[in-house]
Amino acid sequence: MADYLEIPWQKLSEDAFQGMLEELVSRDGTDYGERELSREEKIAQLRAALKSGQAFIAFCAETESWSILPRRP
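Just so we're clear, the structure is a prediction, and the values are computed from it rather than from any experiment. (Residues numbered from 1 in each chain as written. Predicted model: local features only at pLDDT ≥ 70, side-chain atom pairs only at ≥ 80, totals over all residues. Heavy atoms only, no water.)

Student: What exactly am I supposed to notice about the pattern of salt bridges here?
Tutor: Where charged atoms from two side chains of opposite charge approach closely, those side chains can pair. Tallied over the entire structure, the rule returns 5 salt bridges. Note that arginine 39 and glutamate 22 form a salt bridge whose closest N and O atoms lie 3.5 Å from each other. Of this pair, arginine 39 sits in helix 2 (residues 39-52) while glutamate 22 sits in helix 1 (residues 14-25), placing them 17 residues apart in sequence. On the basis of relative accessibility, which here comes to 42%, the residue arginine 39 falls in the partly exposed class. Residue arginine 27 pairs with glutamate 23 through a salt bridge whose shortest N-O separation is 3.1 Å. A single network of salt bridges, built from pairs that share partners, joins Glu22, Arg39 and Glu40. (Salt bridge = Lys/Arg side-chain N within 4 Å of Asp/Glu carboxyl O. Helix = DSSP H or I, 4+ residues; strand = E, 2+ residues; numbered from the N terminus. Buried < 20%, exposed > 50% of the residue type's maximum accessible area, 1.4 Å probe, protein only.)

Student: What is the right way to read the sheet that holds strand 2 (residues 55-60) from this model?
Tutor: Note on sheets: strands pair through backbone hydrogen bonds, and any given pair is parallel or antiparallel. Ordered by their spatial adjacency, 3 strands build an open sheet running 1-2-3, and the pairing between neighbours is antiparallel. Only two strands of the sheet have a single neighbouring strand rather than two, namely strand 1 (5-7) and strand 3 (65-70). Between one strand axis and the next, the sheet turns by 40 degrees as a mean value, whatever way the strands run. Looking at chain direction, strand 1 and strand 2 are connected through 3 bridges and run antiparallel. Bridge pairing links glutamate 6 to alanine 58 in strand 2. (Pairing = 2+ DSSP bridges. Axes fitted to C-alpha atoms, helices over the stretch in contact; angles between N-to-C directions.)

Student: Explanation requested: the packing of aromatic side chains in the structure shown.
Tutor: Geometrically, a pair of aromatic rings is defined through the distance of the ring centres and the angle of the planes. Under the definition given, this model contains 1 aromatic pair. Above the face of the tryptophan 66 ring, arginine 27 is positioned so that its terminal group lies 4.5 Å from the ring centre. (Phe/Tyr/Trp six-rings, centres within 6.5 Å; stacked < 30°, edge-to-face > 60°. Lys NZ or Arg CZ within 6 Å of the ring centre and 35° of its normal.)

Okay, structure coming up:
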């Protein structure tokens, strides 16, 4: 299992933050539950989860990739 480095969303410019959220929701296989959400709703959910601390941006140096992961209690 790879180690992740947490990237604080607050360190990103608004444009970079928005672009990251847009890129993530455009990935294949992203599931948001029973009801299909609009792209804007998906972005809003991710933004809210990051801002509330329920999720974090994780960067994997080994694979040079990133994702948004849920924060474990």
